[in-house]
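Results of the structural survey
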Amino acid sequence: MSGRPTPRPTPSTDPERARQQLYDIVLVGGGSAGCVLAARLTERSDLRVLLLEAGTAASDLPEAVAFPPAWPTLVKTEANWGDTTVPQSAGTPSAEPGPGIPLPRGRGIGGSSAINAMVFGRGHRTSYRAWADHGAKGWDFDDLLPYFQRSETAVCGAPGRGTSGPLTVGPTADPNEVLAACLKGAVETGQRRAHDISGGLEEGFAPVDLNIVDGRRQSAADAYLTPVLDRPNLDVVTGATAHRLLFEGERCVGVEYGVHGRVHTARAAREVVLTAGTLGSASLLLRSGIGPERELREAGVEVFHALPGVGRNLHDHPRINLVHRTRRTVPPARGNHGEIIGLLRSRPDLDGPNLQLIFIDAPSPNPVAPVDNGFTIGVSPMRPFSRGTLRITSADPYAAPVIDPAYFTDERDVQAVLSGIATAREIAGSAALAAWGVEEVAPGPDVASPQALGRYARTVFQSYCHPVGTCALGEDESSVVDSELRVRGLAGLRVADGSVIPSIPSNNTNATVYAVAERAAVFLRDAV
Ligand SMILES: Cc1cc2nc3c(=O)[nH]c(=O)nc-3n(C[C@H](O)[C@H](O)[C@H](O)COP(=O)(O)OP(=O)(O)OC[C@H]3O[C@@H](n4cnc5c(N)ncnc54)[C@H](O)[C@@H]3O)c2cc1C
């Protein structure tokens, strides 16, 4: 399953044919997690698996998917669901409604791994400790380590990294010159030079591993699903939107879904596994009457199984951009734009890093002034305290969910960002960047007091597109799935994607989602 397969059409099974089959396992959602599970489960020839995906086949996704520098254009295509949060106002000092924030997520085989920015990194090991807060057993970094390793072939060969997994990951050998200067500036201003910033063991600055192989994106579909599509025990239906889950008593026995306006059913003899992502999986549970009772009633959905945690605990990494104009011309991007990151602590007494700085070889859009040549330093609180919600307003499977990540409602997230901005400014002012003729355009040097910077952070940010937590893992009343990812109080139903992550890891999320899915495959295979 390693390397980049030659692109070829993904066959879509006829839903009528799928209706006549009795599958062992039905997977809902063909993104990062769904591709892992489809591939791993069908390694066992006695397991019949159906994968339902709302979007298109991988081969029908925009060509830009393959070309790393083009990824920002993908959010404007059909490969993105196109969600926007509710106005994010709670963090603004005046409590005036702010704008809604676009929250992209992938649609199509490969899911978000087909449109993401290709940064591949585990959270720092300390950030997984909070996973036990709600009683989750066996989900510390060391427990996840075998699954991180199983997913990857890490070309850096650092200790603790995988050597034979489907994803081939490594840092760029040739970072954009302006990003290399930023790294030099970081070290010059006293930051630690890390060796393997993707491995979960280090802090400091270094080129991060990327999901790029031979200059092209390697999505979950490329690494896991496409190479195994000809397995006779795997069917895939694309364009298939799961409407609701079907039950006999308390056992989930299948899924009702729509393709081109027609409603179909798929039956699972053993389990249905939700891999529809943080927004998709929680929405499907809610539409099926599984969730907080009052909210379900308000949405006009009959309560099937009260589970208060569904849709709660939504959180994400917000990102503030410091946008710089340079006199020297920044060379065109060759990679994913963000080839070098730093993981650092906003306060020395913390147990691990809670901030990420990412150096970006293009000026991000900003509210101050247009910049046509320059670079950006993104600053993100990596262990945010703010928590929000995902809700539905009706049982309509085609209605967008109501998404409120409640960014910056916890002041500690703002304080972390202020520390990150100070570090970013030191780096931008370093001798290593002097030859570039750097001028900070946004927020701009006049925005200097903690109050003014805090206001900027709360109001001028974007989503880093890492939502998690709506079907959180644990063993208490607020958790949705137990330590083996089974939906609490029901049978035959698991969730195994970003939504189960109870507390966001201190790095970009995809590597952790792959590990969760690798582990889910073991649970499922052991269960039969
Ligand atoms: C623009 C962008 C940039 C990002 N950049 C990075 C990065 O650089 N590094 C990183 O680590 N992470 C990044 N992420 C986040 C990362 O890609 C996600 O955390 C990860 O892919 C989530 O995997 P998942 O399996 O939980 O969900 P997804 O990969 O989103 O898969 C969910 C799938 O379910 C399908 N689905 C949803 N609802 C239904 C339904 N009702 N019926 C059928 N199918 C359904 C969707 O179409 C989708 O294919 C980024 C994300 C985005 C959107």
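Residues numbered from 1 in each chain as written. Predicted model: local features only at pLDDT ≥ 70, side-chain atom pairs only at ≥ 80, totals over all residues. Heavy atoms only, no water.

1. Considering the domain arrangement of the protein
Interfaces are often sized by the accessible area lost when the parts come together. Domain parsing of the protein yields domain 1 (1-87 + 105-167 + 218-316 + 390-399 + 466-528) and domain 2 (172-207 + 318-381 + 408-460). Between the C-alpha centres of domain 1 and domain 2 there is a distance of 31 Å. Taken together, the contact pairs 24 residues of domain 1 with 22 residues of domain 2. Of the roughly 1600 Å² buried at the junction of domain 1 and domain 2 (both faces included), carbon and sulfur atoms supply 49%. Joining domain 1 to domain 2, the criterion identifies two salt bridges. For the interface between domain 1 and domain 2, the tally reads eleven residue pairs in polar contact (both at pLDDT 80 or more). (Domains from an automatic or database assignment. Contact = heavy atoms within 4.5 Å. Buried area = accessible area lost by both parts, 1.4 Å probe. Salt bridge = Lys/Arg side-chain N within 4 Å of Asp/Glu carboxyl O. Polar contact = N/O pair within 3.5 Å; in protein donor to acceptor, adjacent residues only side chain to side chain.)

2. Re helix α2 (residues 32-41)
Within α2, ten of the ten residues are buried, which leaves it mostly tucked inside the rest of the structure. For α2, the set of buried residues is Ser32, Ala33, Gly34, Cys35, Val36, Leu37, Ala38, Ala39, Arg40 and Leu41. (Buried < 20%, exposed > 50% of the residue type's maximum accessible area, 1.4 Å probe, protein only. Helix = DSSP H or I, 4+ residues; strand = E, 2+ residues; numbered from the N terminus.)

3. Here we look at the environment of cysteine 471
Examined against the element boundaries, cysteine 471 turns out to sit in the loop between β24 (462-463) and β25 (493-495). According to the relative accessible area criterion, cysteine 471 is buried, its value standing at 0%. For the pair cysteine 471 and glycine 498, spaced 27 residues apart in sequence, the C-alpha separation works out to 8.6 Å. When neighbours within four sequence positions are excluded, cysteine 471 is seen to be in contact with Ser281, Ala282, Leu285, Val480, Val481, Val495, Ser499 and Val500.

4. Some points on the sheet that holds strand β16 (residues 312-314)
In spatial order, the strands read β16-β21-β22; together these three strands make up an open sheet with antiparallel pairing. Looking at the sheet topology across the chains shown, the edges are occupied by β16 and β22 (402-404). If you compare each strand with its neighbour and ignore which way they point, the axes differ by 40° on average. (Pairing = 2+ DSSP bridges. Axes fitted to C-alpha atoms, helices over the stretch in contact; angles between N-to-C directions.)

5. Observations concerning unusual backbone geometry
That bond from alanine 442 to proline 443 is cis: its omega, 0°, falls within 30 degrees of zero. Summarising the element assignment, proline 443 is placed in the loop between β23 (438-442) and α9 (450-459). Although it is not a glycine, methionine 118 adopts a positive phi angle of roughly 70°. Structurally, the position occupied by methionine 118 is in the loop between β2 (49-53) and β3 (119-120). You can call methionine 118 buried: its relative accessible area is 1%. The phi dihedral of cysteine 465 falls on the positive side, at around 65°, and the residue is not glycine.

6. Here we look at the site of the ligand
Around the ligand, 38 residues are found, and the nearest of them are Ser32, Glu53, Ser112, Val119 and Asn510. One nitrogen or oxygen atom from the side chain of glutamate 53 is found 2.7 Å from an oxygen atom belonging to the ligand. Asparagine 116 is positioned with one of its side-chain polar atoms (N or O) 3.1 Å from an oxygen atom of the ligand. Burial of the ligand by the protein chains amounts to 96% of its free accessible area of 1000 Å². For the shell around the ligand, the secondary-structure elements that each account for two or more residues are α2, β11 (241-248), α6 (277-287) and α10 (510-527). (Near = heavy atom within 4 Å. Areas by Shrake-Rupley, 256 points an atom, 1.4 Å probe, with all protein chains shown as cover.)

7. Details of the packing of aromatic side chains
Applying the stated criterion across every chain yields a total of twelve aromatic pairs. Between tyrosine 128 and phenylalanine 141, the aromatic rings sit 5.8 Å apart at their centres with planes inclined by 45°, giving tilted as the arrangement. On the criterion of sequence distance, the pair formed by tyrosine 128 in the loop between β3 and α3 (141-151) and phenylalanine 141 in helix α3 is long-range, its members being 13 residues apart. Taken together, a centroid distance of 5.9 Å and an interplanar angle of 20° make the contact between tyrosine 224 and tyrosine 514 stacked. Here the residue tyrosine 224 occupies a position in helix α5 (residues 220-225), and tyrosine 514 occupies one in helix α10, the gap between them amounting to 290 residues. (Phe/Tyr/Trp six-rings, centres within 6.5 Å; stacked < 30°, edge-to-face > 60°.)

8. Re the environment of tyrosine 514
Judged by its relative accessible area of 0%, tyrosine 514 falls in the buried class. Between the C-alpha atom of tyrosine 514 and that of tyrosine 464, which follows or precedes it by 50 residues, the distance is 18 Å. Those residues in contact with tyrosine 514 that lie beyond four places of it in its chain are Ser32, Val36, Ser113, Phe120, Ser151, Leu167, Ser219, Ala220 and Tyr224. There is a polar contact of 3.3 Å between the side chain of tyrosine 514 and the backbone nitrogen of alanine 220.

9. Concerning the pairing of strand β13 (residues 262-274)
With six bridges connecting them, strand β1 (residues 22-28) and β13 associate as parallel partners. Each bridged residue has a counterpart across the sheet, and for isoleucine 25 the counterpart in β13 is glutamate 271. The pairing of strand β12 (residues 251-259) with β13 spans six bridges and is classified as antiparallel. Paired with glycine 258 across the strands is valine 263, a residue of β13. Between β12 and β13, which pair antiparallel one after the other, the connecting turn spans two residues, and histidine 260 there sits at a positive phi close to 50°.

10. Some words on the nonpolar core
In terms of nonpolar packing, the biggest core is built from 136 residues, with Leu37, Leu245, Val272, Leu285, Leu485 and Leu493 touching the most fellow members. Examining the composition of this core, we find that ten residues originate from one element, α10, more than from any other. Here this core spans two domains, and each of domain 1 (1-87 + 105-167 + 218-316 + 390-399 + 466-528) and domain 2 (172-207 + 318-381 + 408-460) adds at least three residues to it. If sequence neighbours within four positions are ignored, leucine 37 has contacts with Leu27, Val273, Thr275, Ala496, Ala517, Ala520, Ala521 and Leu524. Residues Ala194, Ala206, Ile341 and Ile358 belong to the second largest nonpolar core, which totals 14 residues. (Core = buried A, V, L, I, M, F, W, Y, C linked by side-chain atoms within 4.5 Å.)

11. Considerations on the packing of α2 against α10
Direction vectors running N to C along α2 and α10 enclose 35°, while the axes themselves pass 9 Å from each other. For α2 against α10, the interelement crossing comes out right-handed. The residues of α10 that touch α2, namely those facing Ser32, Ala33, Val36, Leu37, Arg40 and Leu41, are Asn510, Val513, Tyr514, Ala517, Glu518, Ala520, Ala521, Leu524 and Arg525. Of the residues belonging to the contact of α2 with α10, the class tally is ten nonpolar, two polar and three charged. (Left-handed = near helix turned anticlockwise from the far one by under 90°. Nonpolar A, V, L, I, M, F, W, Y, C, P; charged D, E, K, R; others polar.)

12. Concerning the packing of helix α8 (residues 411-428) against α9
Following both chains from N to C, one finds α8 and α9 inclined at 105°, their axes separated by 10 Å at the closest point. Classified by the interaxial angle, the pair formed by α8 and α9 is roughly perpendicular. In this structure, α8 uses Glu411, Val414, Val417, Leu418, Ile421 and Arg425 to contact α9, whose residues at the interface are Pro450, Leu453, Gly454, Ala457 and Arg458. Considering only residue class, the contact of α8 with α9 consists of seven nonpolar, one polar and three charged. (Parallel < 35°, antiparallel > 145°, perpendicular 65-115°, else oblique.)

13. Some thoughts on the side chain of threonine 42
As for its position among the elements, threonine 42 is in the loop between α2 and β2. For threonine 42, a relative accessible area of 2% puts it in the buried group. Within the local environment of threonine 42, its side chain forms a polar contact with the backbone oxygen of alanine 38, the two atoms lying 2.6 Å apart. Contact partners of threonine 42, with chain neighbours within four places excluded, come to Val49, Arg231, Asn233 and Leu234.

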